[in-house]
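Per-entry structural report
Listed here are the chains, written in short residue letters.
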Amino acid sequence: MTASALDLSSAADAIASSTDGNLLAVLKEDHLALIHLRDFVEVNRVEGGFDNCWFTPDGMGWLTGRVSRKVAFIEVREPKNWSVVGRVEFEDPFNESGLMLFRHPKDGHVAVWVAAGQDGQCLYWVRFAGSALTVERFPALQDTTPPGFDCAGNRFLVVSGGDLCLYGYPAGPELGRMAWPYDDDPAAEMVSFAGDNHA
């Protein structure tokens, strides 16, 4: 194995690697560059401002961005030419929040963590089927970490209000809650399953 350096010529806002390891998506202020990792050649460029990027196992590219301070969008782009095959807009309840994409075990499902620091955080579920892209806010949480899903994608964990919480996906209910027992060592900002019955 040989390590090689990739010169991006300027700082990247975000990067993502395709699941097959062939492409690197590099987000900069005014465009997205797709770089072939075998030879570091830029193979495609998408103009526009984006906040985050993600690849699903089928090679689709998922992008987040802003329409305005209060409205964000998610796009799904096909892997061959990176043309848009789905787009949906949704409300940012905190205005100009950070938008991060997280894997869900089910194909065509992605979680969006909308985070505005001390102003709050919330979760949206996004589903893509054919050309239909839908988004739904999970209503129970205003202060939350990103979700950690079980292997089947039917339950998820978060830390909210200092408690470790277990919910059913996608609409609940709350299945369990544990108060964090260590006042001097707060709960982590990421949580995950360790098998099906432990976190």
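The paragraphs below set out a description of the structure included in this document. Keep in mind that this is a model prediction, so the values were computed, not measured.

1. A word on the overall build of the chain
Scanning the chain from N- to C-terminus turns up zero helices and 16 strands. Its C-alpha atoms give the chain a radius of gyration of 18 Å, within 12% of the compact-globule value 16 Å for 199 residues. In the chain, which comprises 199 residues, the proportion classed as buried is 44%. Taking the intrachain contacts of the chain between residues at least 6 apart in sequence as the baseline, contacts between residues at least 24 apart amount to 35%. Working note: accessible area of the chain is about 10700 Å², and carbon and sulfur atoms make up 50% of it.

2. Some points on the nonpolar core
The biggest cluster of nonpolar side chains holds 19 residues, and the ones touching the most others in it are Trp62, Ile74, Phe90, Val112, Val114 and Leu133. Counting residues per element, this core draws most heavily on strand β11 (residues 121-129), at four residues. Not counting residues within four places of it along the chain, the set of residues in contact with Val114 comprises Phe90, Asp92, Pro93, Phe94, Ser97, Gly98, Leu99, Gly120, Gln121, Cys122 and Tyr124.

3. Side note on a negative patch on the surface
Together, Asp13, Glu29, Asp30 and Glu47 give the surface a local cluster of negative charge. Along the chain, Glu29 turns up in the loop between β2 (23-28) and β3 (31-36).

4. Description of the pairing of strand β6 (residues 61-66)
With five of six residues buried, β6 lies mostly within the body of the structure. The hairpin formed by strand β5 (residues 52-55) and β6 contains five residues between the paired strands, and Gly59 there has a positive phi angle of roughly 90 degrees. Two strands pair when backbone bridges link them, and β6 and strand β7 (residues 71-77) are joined in this way by six bridges, in the antiparallel orientation. Along β7, the bridge assignment pairs Leu63 with Glu75. Where β6 folds back on β7, the antiparallel hairpin that results is connected by four residues.

5. Some thoughts on the packing of aromatic side chains
Evaluated as defined, the whole model comprises 14 aromatic pairs. Taken together, a centroid distance of 6.3 Å and an interplanar angle of 75 degrees make the contact between Phe50 and Phe73 edge-to-face. You can see Phe50 sitting in the loop between β4 (41-47) and β5 and its partner Phe73 sitting in strand β7, a full 23 residues away along the chain. In this structure, Phe50 and Phe73 share a single accessibility class: buried.

6. Describing the sheet that holds strand β13 (residues 148-149)
With respect to topology, four strands assemble into an open sheet ordered β13-β14-β15-β16, the strand pairing being antiparallel. Sheet topology places β13 and β16 (174-179) at the edges, where each strand pairs with a single neighbour. The pairing of strand β15 (residues 163-168) with β16 spans five bridges and is antiparallel. In the strand pairing of β16, Tyr167 is matched with Glu174.

7. Observations concerning the sheet that holds β5
Read across the sheet, four strands follow the order β5-β6-β7-β8 without closing on themselves; strand pairing throughout is antiparallel. Across the chains shown, the open sheet's two edge strands, defined by having one partner strand only, are β5 and β8 (84-91). In this sheet, neighbouring strand axes are inclined to one another by 15 degrees on average, regardless of whether the strands run parallel or antiparallel. Relative to β6, β5 is paired through four bridges, and the arrangement is antiparallel. By the bridge assignment for β6, Phe55 is matched with Gly61.

8. Structural notes on the pattern of salt bridges
Close approach of charged atoms allows side chains with opposite charge to pair. Tallied over the full model, the rule gives 10 salt bridges. Linking Glu75 and Arg77 is a salt bridge whose minimum nitrogen-to-oxygen distance equals 2.9 Å. By relative accessible area, Glu75 is classed as buried at 6%. Taking relative accessible area as the criterion, Arg77 reaches 10% and is therefore assigned buried. A salt bridge links Glu89 to Arg87, with the shortest nitrogen-to-oxygen separation between them at 3.5 Å. A relative accessible area of 44% means that Glu89 is categorised as partly exposed. Connected through shared salt-bridge partners, Glu75, Arg77, Arg87 and Glu89 make up one network.

Reading the values: the criteria
Residues numbered from 1 in each chain as written. Predicted model: local features only at pLDDT ≥ 70, side-chain atom pairs only at ≥ 80, totals over all residues. Heavy atoms only, no water. Helix = DSSP H or I, 4+ residues; strand = E, 2+ residues; numbered from the N terminus. Rg over C-alpha atoms; globule rule 2.2 N^0.38 Å. Buried < 20%, exposed > 50% of the residue type's maximum accessible area, 1.4 Å probe, protein only. Contact = heavy atoms within 4.5 Å. Areas by Shrake-Rupley, 256 points an atom, 1.4 Å probe, with all protein chains shown as cover. Core = buried A, V, L, I, M, F, W, Y, C linked by side-chain atoms within 4.5 Å. Patch = residues over 30% accessible without salt bridge, like charges linked within 9 Å, V, L, I, M, F, W, Y side chains within 5 Å. Salt bridge = Lys/Arg side-chain N within 4 Å of Asp/Glu carboxyl O. Lys, Arg positive; Asp, Glu negative; His and termini not counted. Charge placed at Lys NZ, Arg CZ, Asp CG, Glu CD. Pairing = 2+ DSSP bridges. Phe/Tyr/Trp six-rings, centres within 6.5 Å; stacked < 30°, edge-to-face > 60°. Axes fitted to C-alpha atoms, helices over the stretch in contact; angles between N-to-C directions.

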